[in-house]
Amino acid sequence: MATIYCTATSLDGYIADDGESLSWLFATPGHDTDPQGRYGDGESLDFDQFLPTVGALVCGASTYAWVHRELTADGQDFVWPYEQPSWVVTHRDLDLPDGVRAFAGDVRDLHAVMTEAAAGKDLWVVGGGDLAGQFADVGLLDKVWVHLNPVTLGAGKPLLPRRLRLHRERIERDGQFTAMLFDVVGPEPRRDGDVDGAAEVYAEGGP
Ligand SMILES: NC(=O)c1ccc[n+]([C@@H]2O[C@H](COP(=O)([O-])OP(=O)(O)OC[C@H]3O[C@@H](n4cnc5c(N)ncnc54)[C@H](OP(=O)(O)O)[C@@H]3O)[C@@H](O)[C@H]2O)c1
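Note that this is a predicted model, so its numbers are computed, not measured.

**Comments concerning the pairing of strand S9 (residues 164-174)**
Here S9 pairs with strand S10 (residues 177-187) via 10 bridges, running antiparallel. Its bridge partner being in S10, aspartate 174 is matched across the sheet by phenylalanine 177. Hairpin connection, S9 to S10: the antiparallel pair is bridged by two residues, and glycine 175 has positive phi, about 60°.

**Details of the site of the ligand**
Close to the ligand lie 23 residues, the nearest being Glu20, Thr63, Thr90, His91 and Arg92. Take glutamate 20: an N or O atom from its side chain is 2.7 Å from an oxygen atom of the ligand. Lysine 157 places a polar side-chain atom, nitrogen or oxygen, 3.1 Å from an oxygen atom of the ligand. For the shell around the ligand, the secondary-structure elements that each account for two or more residues are strand S1 (3-10), strand S2 (14-17), helix H3 (61-71) and strand S6 (122-127). Of the residues forming the shell around the ligand, the biggest block, four residues, is contributed by H3. Split by residue class, the shell around the ligand holds 10 nonpolar, 10 polar and three charged.

**Examining the sheet that holds strand S3 (residues 54-60)**
Spatially, the eight strands line up as an open sheet ordered S5-S4-S3-S6-S1-S7-S10-S9, and their pairing is mixed. Because the sheet does not close on itself, it has two edges, and the strands there are strand S5 (100-103) and S9. On average, each strand axis in the sheet is tilted by 25° relative to the strand beside it, whichever way the strands run. Packed onto the sheet, helix H5 (residues 129-137) meets S1, S3, strand S4 (86-89), S6 and S9 and runs at close to 140° relative to S6.

**Focus: the side chain of aspartate 46**
Following the sequence through the fold, aspartate 46 ends up in the loop between helix H1 (23-26) and helix H2 (47-50). Among the polar contacts listed, one links the side chain of aspartate 46 to the backbone nitrogen of aspartate 48, at a separation of 2.9 Å.

**Here we look at unusual backbone geometry**
The peptide bond linking glycine 127 to glycine 128 adopts the cis configuration, its omega dihedral lying at 5°. The residue glycine 128 is located in the loop between S6 and H5 in this model. At alanine 119, a position not held by glycine, the phi torsion is positive, near 50°. If you trace the backbone, alanine 119 turns up in the loop between helix H4 (107-118) and S6.

**As for the state of the cysteines**
Put plainly, two cysteines are in a disulfide when a covalent bond ties their sulfur atoms together. In this structure the tally under the stated criterion is zero disulfides. Free of any disulfide, cysteine 6 has its nearest cysteine sulfur in cysteine 59, 14 Å distant.

**As for the confidence of the model for the protein**
In low-pLDDT regions, the fine details of the predicted coordinates are not to be read closely. When pLDDT is averaged along the protein, the result is 91; 93% of the residues meet or exceed 70. Residue range residues 33-43 is modelled with pLDDT below 50. Its contacts to residues more than four positions away, or to other chains, number 17 contacts.

Conventions we followed
Residues numbered from 1 in each chain as written. Predicted model: local features only at pLDDT ≥ 70, side-chain atom pairs only at ≥ 80, totals over all residues. Heavy atoms only, no water. Pairing = 2+ DSSP bridges. Helix = DSSP H or I, 4+ residues; strand = E, 2+ residues; numbered from the N terminus. Near = heavy atom within 4 Å. Polar contact = N/O pair within 3.5 Å; in protein donor to acceptor, adjacent residues only side chain to side chain. Nonpolar A, V, L, I, M, F, W, Y, C, P; charged D, E, K, R; others polar. Axes fitted to C-alpha atoms, helices over the stretch in contact; angles between N-to-C directions. Contact = heavy atoms within 4.5 Å. Disulfide = S-S within 2.5 Å. pLDDT = per-residue confidence, 0-100.

Structure follows, in structure tokens:
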């Protein structure tokens, strides 16, 4: 069982633009729409294969609001799009559909409840970035899986506003996306007072 933050991001590290829109994401051709087809060494970072491995998921209040807005834009009744037990972290009094529960507070408590509900499967942190950061802060974020888009946004909602060291486990091309799976190593310390070591690197021919 792993706790995985899986999301799409712009090249400059935003998961939503400054208008909370994802139009830039849906304009990016993936393997289904890219005329040049799929590249890479397998389909292990295919989102469609990820979803069945998820036993429970959580998103923040803004992400939930976005999903609700999008899925009711044409006047339809709101149906939560995931079958797995789901949580929204919020202080708001939301009218949530069946299968979706509200939680407020320390994510360690939530993690324990989600783990039980997931029955051995993975936990998906849908976003936003600070929510993933809250799990990382208490050592409960195992993996970060990003689908990197070749677009820059300049401003927006940050991917993961923490100092963390990651270790890349896999990388694949998927149309215009670059899918990358990382293990979370831990907090990236500040090394104030240290020289950066650039002189040595340049002496050896540059970075
Ligand atoms: N690119 C992608 O694939 C992707 C994926 C996910 C999300 N998104 C987008 O990214 C944006 C994310 O927005 P966001 O960064 O504002 O984050 P968010 O995590 O969706 O929402 C943040 C809100 O969640 C509530 N919250 C967070 N932690 C909490 C806790 N421990 N207890 C109780 N409530 C808590 C707070 O709202 P209240 O206190 O007001 O309730 C907080 O303001 C959205 O627009 C979403 O659509 C994109």
